[in-house]
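Structural features, examined
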Amino acid sequence: MKGDVARMLLYMAIRYEGGDGFNNLEMSSTVGTSSTLIGDLEVLLARNSEDPVSTFEMRRNDRIHSTWQGNRNPFIDHPEWADAIW
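Source: prediction; values computed, not measured.

**Considerations on the overall build of the chain**
Within the chain one finds 5 helices and 2 strands. In the chain, the order of α-helices and β-strands from amino to carboxyl end is α-β-β-α-α-α-α. Principal-axis analysis of the C-alpha atoms places the extent of the chain at approximately 35 × 30 × 20 Å. Considering the chain as a whole, with its 86 residues, one finds that 26% of them fall into the buried category. When contacts within the chain are restricted to residue pairs at least 6 apart in sequence, those whose partners lie at least 24 apart make up 50%. For the chain, the computed accessible surface area is about 5400 Å², with 56% contributed by carbon and sulfur atoms. Averaged over its 8 positive side-chain charges, the chain has a centre that lies 9 Å from the centre of its 13 negative ones.

**Remarks on helix H2 (residues 41-50)**
Turning to H2, its buried residues number three or more, namely Leu41, Leu44, Leu45 and Asn48. Down the axis of H2, the buried set is contained in an arc of 100°. They therefore lie on one face. The N-cap residue of H2 is Asp40: its side-chain oxygen and the backbone nitrogen of Glu42 are 3.1 Å apart.

**Quick look at the pattern of salt bridges**
Two side chains of opposite charge can pair, provided their charged atoms sit close to one another. Here the structure, examined in full by the defined rule, presents 4 salt bridges. Measuring nitrogen to oxygen at the nearest pair gives 3.5 Å for the salt bridge that ties Arg7 to Asp4. With a gap of 3 residues between them, Arg7 and Asp4 both fall in helix H1 (residues 2-15), about one helical turn apart. Just as Arg7 is buried, Asp4 falls in that class too. Measuring nitrogen to oxygen at the nearest pair gives 2.8 Å for the salt bridge that ties Arg72 to Asp62. Here the residue Arg72 occupies a position in the loop between helix H3 (55-69) and helix H4 (74-77), and Asp62 occupies one in helix H3, the gap between them amounting to 10 residues. Of the residues examined, Asp62 reaches a relative accessible area of 39% and is grouped as partly exposed. Within this structure, Asp4, Arg7 and Glu57 form a network of salt bridges that share partners.

**Observations concerning the packing of aromatic side chains**
Across all of its chains, the model carries 1 aromatic pair by this definition. Consider the rings of Phe75 and Trp86, whose centres lie 5.9 Å apart with planes at 35°: the pair is tilted. One end of the pair, Phe75, is in helix H4; the other, Trp86, is in the segment after helix H5 (81-85), and 11 residues separate them in sequence. The exposure class of Trp86 is partly exposed, given its relative accessible area of 33%. Lying across the ring of Tyr16, Arg15 places its NZ or CZ 4.7 Å from the centre.

Reading the values: the criteria
Residues numbered from 1 in each chain as written. Predicted model: local features only at pLDDT ≥ 70, side-chain atom pairs only at ≥ 80, totals over all residues. Heavy atoms only, no water. Helix = DSSP H or I, 4+ residues; strand = E, 2+ residues; numbered from the N terminus. Buried < 20%, exposed > 50% of the residue type's maximum accessible area, 1.4 Å probe, protein only. Contact = heavy atoms within 4.5 Å. Areas by Shrake-Rupley, 256 points an atom, 1.4 Å probe, with all protein chains shown as cover. Lys, Arg positive; Asp, Glu negative; His and termini not counted. Charge placed at Lys NZ, Arg CZ, Asp CG, Glu CD. Arc of directions from axis to C-beta. Polar contact = N/O pair within 3.5 Å; in protein donor to acceptor, adjacent residues only side chain to side chain. Salt bridge = Lys/Arg side-chain N within 4 Å of Asp/Glu carboxyl O. Phe/Tyr/Trp six-rings, centres within 6.5 Å; stacked < 30°, edge-to-face > 60°. Lys NZ or Arg CZ within 6 Å of the ring centre and 35° of its normal.

Rendered as structure tokens:
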């Protein structure tokens, strides 16, 4: 589950860039200094790598895409993108 949560937070960091009524959520190595800093980047990248995407997580991503939001978490489809971005 640690990788699942890491991928959720990584998605939030790229999805919420500000300017649309939401805060610009950013990753940080220093947690607790701002309400818009949402996680320790090094820990989240490690958890993303250590806990591979599960069948349950892929199914949830498919269901969210088809039933509710019409968008996908790219870090579930391509977990390697996290290291490429950060």
